[in-house]
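# A structural walkthrough
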Amino acid sequence: MAGPDPAELWRVVDAFPAAPDGDDADRINDADRVDDLLDGTYSRLTREWYPDLVELTETFADDDILREDVLEHVEAAPSFRLSDGAAPLPEKRRALAAADEAADEVTEIAGWYATLRSMLDDDPDDLTRVERLLHGFGYVLAHGLFLGASSPERVVRRLRLAYRSVGVSIDDTASEAGAERTTFTCPYRDVGARIYGEKWVCHEKLDRVDDGYVTYLAKRGIDYQRPRGCDGSEVCYSTVVRDGPELWWPKTAPAAVRAHS
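Below, the structure is looked at part by part.

Scoring rules and cut-offs
Residues numbered from 1 in each chain as written. Predicted model: local features only at pLDDT ≥ 70, side-chain atom pairs only at ≥ 80, totals over all residues. Heavy atoms only, no water. Helix = DSSP H or I, 4+ residues; strand = E, 2+ residues; numbered from the N terminus. Expected span 1.5 Å × (residues − 1). Buried < 20%, exposed > 50% of the residue type's maximum accessible area, 1.4 Å probe, protein only. Core = buried A, V, L, I, M, F, W, Y, C linked by side-chain atoms within 4.5 Å. Contact = heavy atoms within 4.5 Å. Arc of directions from axis to C-beta. Salt bridge = Lys/Arg side-chain N within 4 Å of Asp/Glu carboxyl O. Axes fitted to C-alpha atoms, helices over the stretch in contact; angles between N-to-C directions. Parallel < 35°, antiparallel > 145°, perpendicular 65-115°, else oblique. Left-handed = near helix turned anticlockwise from the far one by under 90°. Phe/Tyr/Trp six-rings, centres within 6.5 Å; stacked < 30°, edge-to-face > 60°.

The first and last C-alpha atoms of helix α5 (residues 90-102) sit 19 Å apart over 13 residues, in line with the 18 Å expected at 1.5 Å per residue. Within the sequence span of α5, burial applies to Arg93, Ala95, Leu96, Ala98, Ala99, Asp100 and Ala102.

In this structure, Trp49, Leu53, Trp112, Leu116 and Trp249 are the most contacted members of the largest nonpolar core, which totals 39 residues. Of all the secondary-structure elements, those providing two or more residues to this core are α1 (6-14), α2 (25-37), α3 (41-61), α4 (67-75), α5, α6 (105-120) and β8 (248-249). Leave out the neighbours within four places in its chain, and Leu116 touches Leu9, Val12, Val13, Trp49, Leu53 and Val74.

A few words now on α1. Considered for burial, the residues of α1 that qualify are Leu9, Val12 and Val13. Buried residues of α1, seen end-on, are gathered within an arc of 100° and therefore sit on one face of the element. What points out from α1, more than 90 degrees from its buried face, is the exposed set Ala7 and Asp14. Residues of α1 that are buried make contact with α3 and α6.

This structure, assessed with the given rule, holds four salt bridges. In this structure, Arg11 engages Glu8 in a salt bridge whose closest nitrogen and oxygen atoms are separated by 3.1 Å. With Arg11 and Glu8 both in helix α1, this residue pair falls three residues apart, about one helical turn. We classify Glu8 as partly exposed; its relative accessible area is 37%. One salt bridge connects Asp211 with Arg208, and the closest N-O pair in it is separated by 2.9 Å. In this pair, Asp211 and Arg208 both sit in helix α11 (residues 207-218), three residues apart, roughly one turn of the helix. Accessibility classification places Asp211 together with Arg208 in one group, the buried group.

What follows covers the environment of Trp10. Within the element layout of this structure, Trp10 appears in helix α1. In this structure, Trp10 is in contact with Val54, Thr57 and Glu58, ignoring residues within four places of it in sequence.

At a minimum axis separation of 10 Å, α4 and α6 run at an interaxial angle of 150°. The orientation of α4 relative to α6 falls into the category roughly antiparallel. Crossing handedness for the pair α4 and α6: left-handed. In contact with Arg67, Val70, Leu71, Val74 and Glu75 of α4, α6 contributes Tyr113, Leu116, Arg117 and Leu120.

Per the counting criterion, the structure on display carries ten aromatic pairs. Seen in terms of ring centroids, Phe16 and Trp112 are 4.7 Å apart; in terms of plane orientation they differ by 70°. Their pairing is edge-to-face. Note that Phe16 is positioned in the loop between α1 and α2 and Trp112 in helix α6, a separation of 96 residues in sequence. With respect to class, Phe16 is no different from Trp112; both count as buried. Pairing Trp49 with Trp112 gives two aromatic rings, centres 6.0 Å apart and planes at 90°, and the pair type is edge-to-face. Of the two residues, Trp49 is situated in helix α3 and Trp112 in helix α6; the sequence distance between them amounts to 63 residues. Taking the relative accessible area as the measure of exposure, Trp49 reaches 5% and is therefore buried.

Have a look at this one:
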């Protein structure tokens, strides 16, 4: 199975800076103040999102789900927005600074999240030879596929053409706030499913080609979020957006926000 060693993943997940509990009134009051400052993000993260992460980590360790399922949940962490695209939100940044002064967990959670996210990224050393070839193929193919495409709108049109050329059915398209979203169905979800699981071909193998696209487009200021959010291994979506300095906590630590101010 592609992805991090389950024991190492569990070690990181278990190190989550825990929300205060018990009868420590001062810590409980600090947590309540932090939650107010961060518009409820802190409580959603600690009381809702993290328990689901623990459950997914245990399921991953049992080989019942793929890394992609855990990654999808991690990417969907509750967020406290600190910018609107490239435009900073000063009041939100001041609120994060105040929350950071109220509780050490604000900075600690950001550091923990960065470690967790990096564990779930593809490590070139962990890819099989076939997967490295697929990544390289995608990167080379991108030079022709996206030649002359310099905007999300033009890039996504080329992507949809590439999807259709390999039999992928486009179910829906949408454009919102500069993000181009494509919802589609992978026709290969049942290939090898009995042995490897329903998402194995679609996500653990064919997505290595998409990773080549990601590498190519990132160098040109385009953020391509390859397929995510599959419902029952059938309907998935991908997004294309102009890459920019969008900041949010816990992805962005308070110290990094101060550096951008």
